[in-house]
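Chain by chain, the residues run as shown.
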Amino acid sequence: MQRLSNFIAGELAPPQAGVYLDCIEPATAAIYAQTPASTAEDAHRAVAAAKQAFPAWSAAPQADRSRALLRLADLIDVNREQLAQAESRDTGKPITLARNLDIPRAAANLRFFATAAEHTSSQAHQTDSAALNVTLRSPRGPAGVISPWNLPLYLLTWKSAPALAVGCTVVAKPSEITPVTAHTLAELCIEANLPPGVLNIIHGEGATAGAAIVEHPGLPTISFTGGTTTGARIAQTAAPMFKRVALELGGKNPTIIFADADLSRAIPETLRAAFTNQGQICLCGSRILIERPIYQQVVDKLVSAARALRVGDPLDESTQQGALVSQTHLEKVEAAVTRARQESGEILCGGSRAEPPNNRCANGYFFQPTLIAGLDMQCATQQEEIFGPVATLTPFDTEEEAITLANATPYGLAASIWTTNLNKAHRTTRALDAGVIWVNCWLLRDLRTPFGGMKQSGLGREGGEEALHFFTETKNICFNTNEVAP
Ligand code: NAD
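Residues numbered from 1 in each chain as written. Predicted model: local features only at pLDDT ≥ 70, side-chain atom pairs only at ≥ 80, totals over all residues. Heavy atoms only, no water.

## A word on the overall build of the chain
Step number 1: On a plain count of helices and strands, the chain comes out with 15 helices and 23 strands.
Step number 2: Taking 23 Å as the expected radius of gyration for a compact globule of 486 residues, we find that the chain reaches 23 Å, a close match to that expectation.
Step number 3: Overall, the chain is about 80 × 65 × 40 Å in size when its C-alpha atoms are taken along their principal axes.
Step number 4: In the chain, buried positions account for 58% of the 486 residues. (Helix = DSSP H or I, 4+ residues; strand = E, 2+ residues; numbered from the N terminus. Rg over C-alpha atoms; globule rule 2.2 N^0.38 Å. Buried < 20%, exposed > 50% of the residue type's maximum accessible area, 1.4 Å probe, protein only.)

What follows is the structure, encoded as structure tokens:
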């Protein structure tokens, strides 16, 4: 059985206390690896390594830092298939998704920020003839990066790459539920000759290893992606220490389909938005709002398309829906559907565990793609993030009602709207409480754009310049340009 290691000061290292957690394959429920249950002691060693590496890494020419990250990106490409297989096995996601989305995007994250950092510029302000103001940006020091289980390597690199590119060193903690590709990344860092201590990875649970990162005074910057409750706890710990914190949290995203939408595109994309990665993406459209004249037609089509999705062994190329990430998560999703029934929701398709696709997967965590109608927008099913293959269907009569319903949750991460009326698209997008809005598309990403949520979906923005700025401290230098007497 594979035993994963921490990665501290350029070396693979066992946890100090010698304790490990089991890694369970969601498709089979079998234990297939063990990951360090790191303690604060491991975290402190990682912070010390990051601190030691910081002066040289931050002072290195930008081109050197960029080249190191590009080497790592190339190695991800070289090992793409192995990483995709590992990600699929570790998370339960379909192999095609890991191959086409997760792993290519991890390499793209590193390439994007490696090159973006070479093309940024800072500002200068001329103050009449009296002064010249120059804005300097310098890396804030070692940064803590904490990421979730749904897009393991994708989000670990999305958060670490901008920090490393601008000259910060990093202590990262991937989710204890899906740690395998982070371990492989550590091996690739060694192969890429990344200087020791520049990127450190410690594995383990949030309450121990994660909390130790947040609490450590040597990490003035914390970038977190995960649940809203965890985000609130992190904010509470970090605030009195005046740490800079970015929080990318949960969502309950609306998909709004207006009567004038091109349904030939809206229906398959709405389905994709609801069920990609078994609905376990923060950006998934889990509340589908449909204008009344087309409501029944759209519902019928979505239901038959959802029923046709192939739930299968994640390692099978033809699988469209894999396993949910864990037994606990499967039970949470199941409980959410039971609650929806109690709230008088009508289960139009799915609603229970799916038949195991083969003998190998007999004990796996499979749930049918589920669509539920007839629920008031204020009920818990419509308000709380389920983060599984479950979406609700709600009719609306007017544009104003669509906006009111869309905004009627504590979240504000993403939305997608479907209309062929440009004026309506402009009006609606302005009125929606969401940090990311797609018009006639979903999850079409450009890494230069600001990414993040409003309300309880988070604090701060990632992506492009926002991410590069987040990891730097800004200094204004004012030069007196009046001639100074010698
Ligand atoms: P989670 O909050 O349980 O865990 C996320 C990470 O935080 C894990 O590494 C975990 O070990 C760590 N952690 C837990 N408690 C901690 C603590 N007290 N201190 C420090 N670290 C701690 O989230 P999850 O279940 O892994 O992920 C699912 C959630 O993530 C969903 O709510 C989803 O919407 C959200 N998410 C958001 C985005 C986004 O960009 N907004 C992207 C992906 C996932």
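## Concerning the sheet that holds strand β17 (residues 390-396)
Step number 1: Pairing within the open sheet is mixed, and its seven strands lie in the order β15-β16-β17-β14-β13-β19-β20. Sheet topology places β15 (346-349) and β20 (436-439) at the edges, where each strand pairs with a single neighbour. When strand polarity is set aside, the average angle formed by the axes of neighbouring strands in this sheet is 25°.
Step number 2: Contacts from helix α9 (residues 263-275) reach β13 (253-257), β14 (285-291), β16 (370-373), β17 and β19 (414-418) within the one sheet, and its direction differs from that of β13 by about 165°.
Step number 3: Contacting β13, β14, β15, β16 and β17, helix α10 (residues 292-308) crosses the sheet at an angle of about 145° to β14. (Pairing = 2+ DSSP bridges. Axes fitted to C-alpha atoms, helices over the stretch in contact; angles between N-to-C directions. Contact = heavy atoms within 4.5 Å.)

## Brief notes about empty space enclosed by the protein
Step number 1: For the structure on display, the rule yields five cavities of 30 Å³ or more.
Step number 2: Space inside the largest cavity adds up to approximately 100 Å³.
Step number 3: In this structure, the second largest cavity spans a volume of roughly 70 Å³.
Step number 4: Along the walls of the second largest cavity sit 15 residues, with P254, R287, A406, Y411 and D433 positioned nearest its centre.
Step number 5: Looking at the lining of the second largest cavity, the elements that each hand over two or more residues are β13, β18 (411-412) and β19.
Step number 6: The class makeup of the residues in the lining of the second largest cavity is eight nonpolar, four polar and three charged. (1 Å grid on protein atoms, 1.4 Å probe; cavity = no way out; pocket = protein on both sides within 12 Å on 5 of 7 lines; lining within 4 Å. Points joined across faces, edges and corners; volume = space filled by probe spheres on them. Nonpolar A, V, L, I, M, F, W, Y, C, P; charged D, E, K, R; others polar.)

## A few points about the sheet that holds strand β23 (residues 472-480)
Step number 1: Taken in spatial order, the three strands line up as β6-β7-β23 in an open sheet, and their pairing is antiparallel. In this open sheet, the two edge strands, each paired with only one partner strand, are β6 (124-127) and β23. The mean angle between the axes of side-by-side strands here comes to 20°, regardless of whether they run parallel or antiparallel.

## Quick look at helix α8 (residues 228-238)
Step number 1: Taken together, the buried positions of α8 are T228, G231, I234 and A238. With its buried residues spanning 115° around the axis, α8 presents them on a single face. For α8, exposure combined with an orientation more than 90 degrees from the buried face picks out T229, R233 and Q236. (Arc of directions from axis to C-beta.)

## Side note on the domain arrangement of the chain
Step number 1: Under the domain assignment, the chain is made up of domain 1 (2-249 + 457-476) and domain 2 (253-439).
Step number 2: Measuring from the centre of the C-alpha atoms in domain 1 to the corresponding centre in domain 2 gives 30 Å.
Step number 3: Regarding the contact of domain 1 and domain 2, the summed buried area is about 2100 Å², with carbon and sulfur atoms giving 58% of it.
Step number 4: Of all residues in domain 1, the largest losses of buried area upon contact with domain 2 belong to A27, W149 and S457, amounting jointly to 24% of the total for that side. (Domains from an automatic or database assignment. Buried area = accessible area lost by both parts, 1.4 Å probe.)

## Thoughts on the site of the ligand
Step number 1: The environment of the ligand is formed by 29 residues, the closest being S147, E176, T230, L249 and E385.
Step number 2: Taking G226, its main chain carries an N or O atom lying 3.3 Å from an oxygen atom of the ligand.
Step number 3: Within the side chain of T230, an N or O atom sits 2.6 Å from an oxygen atom of the ligand.
Step number 4: Listing elements by their share of the shell around the ligand, those giving two or more residues are α7 (206-215), β11 (221-225) and α8.
Step number 5: No other element matches α7, which puts four residues into the shell around the ligand.
Step number 6: A breakdown of the residues in the shell around the ligand according to their chemical character gives 14 nonpolar, 10 polar and five charged.
Step number 7: Viewed by domain, the shell around the ligand spans two of them, domain 1 (2-249 + 457-476) and domain 2 (253-439), each represented by three or more residues. (Near = heavy atom within 4 Å. Polar contact = N/O pair within 3.5 Å; in protein donor to acceptor, adjacent residues only side chain to side chain.)

## Things to note about the packing of aromatic side chains
Step number 1: Evaluation of the coordinates by the stated rule reveals seven aromatic pairs.
Step number 2: Ring geometry for W158 against F451: centres 6.4 Å apart, planes inclined by 85°, an arrangement best described as edge-to-face. Of this pair, W158 sits in helix α5 (residues 152-166) while F451 sits in the loop between β20 and β21 (454-455), and the two are 293 residues apart along the sequence. The burial state of W158 is the same as that of F451; both residues are buried.
Step number 3: With a centroid separation of 4.9 Å and an interplanar angle of 80°, the aromatic rings of F470 and F471 are classed as edge-to-face.
Step number 4: With relative accessibility at 12%, the residue F470 sits in the buried group.
Step number 5: In this structure an aromatic cluster arises from ring pairing among F112, F113, W158 and F451. (Phe/Tyr/Trp six-rings, centres within 6.5 Å; stacked < 30°, edge-to-face > 60°.)

## So, the side chain of Q382
Step number 1: Relative to the helices and strands, Q382 resides in helix α12 (residues 380-383).
Step number 2: Here T392 takes part through its side chain, which lies 2.7 Å from a polar atom of the side chain of Q382.
Step number 3: If near-sequence neighbours (up to four positions away) are discounted, Q382 is found in contact with K252, R287, L375, D376, M377, T392, T394 and T409.

## Thoughts on the side chain of H203
Step number 1: Structurally, H203 is set in the loop between β10 (199-201) and α7.
Step number 2: Among all residues touching H203, those that are not within four sequence positions of it are S5, N6, T35, P36, A37, S38, P174, P179, A182, H183 and A209.

## Let's talk about the pattern of salt bridges
Step number 1: Applying the stated rule across the entire model yields 22 salt bridges.
Step number 2: Note that D77 is salt-bridged to R80, the shortest N-O span being 3.4 Å.
Step number 3: Residue R80 is classed as partly exposed on the basis of its relative accessible area of 34%.
Step number 4: With a closest N to O distance of 2.6 Å, K159 and E462 form a salt bridge. With a gap of 303 residues between them, K159 in helix α5 and E462 in the loop between β22 (458-459) and α15 (464-470) connect regions that are remote in the sequence.
Step number 5: Using a relative accessible area of 6% as the deciding quantity, one classes E462 as buried. (Salt bridge = Lys/Arg side-chain N within 4 Å of Asp/Glu carboxyl O.)

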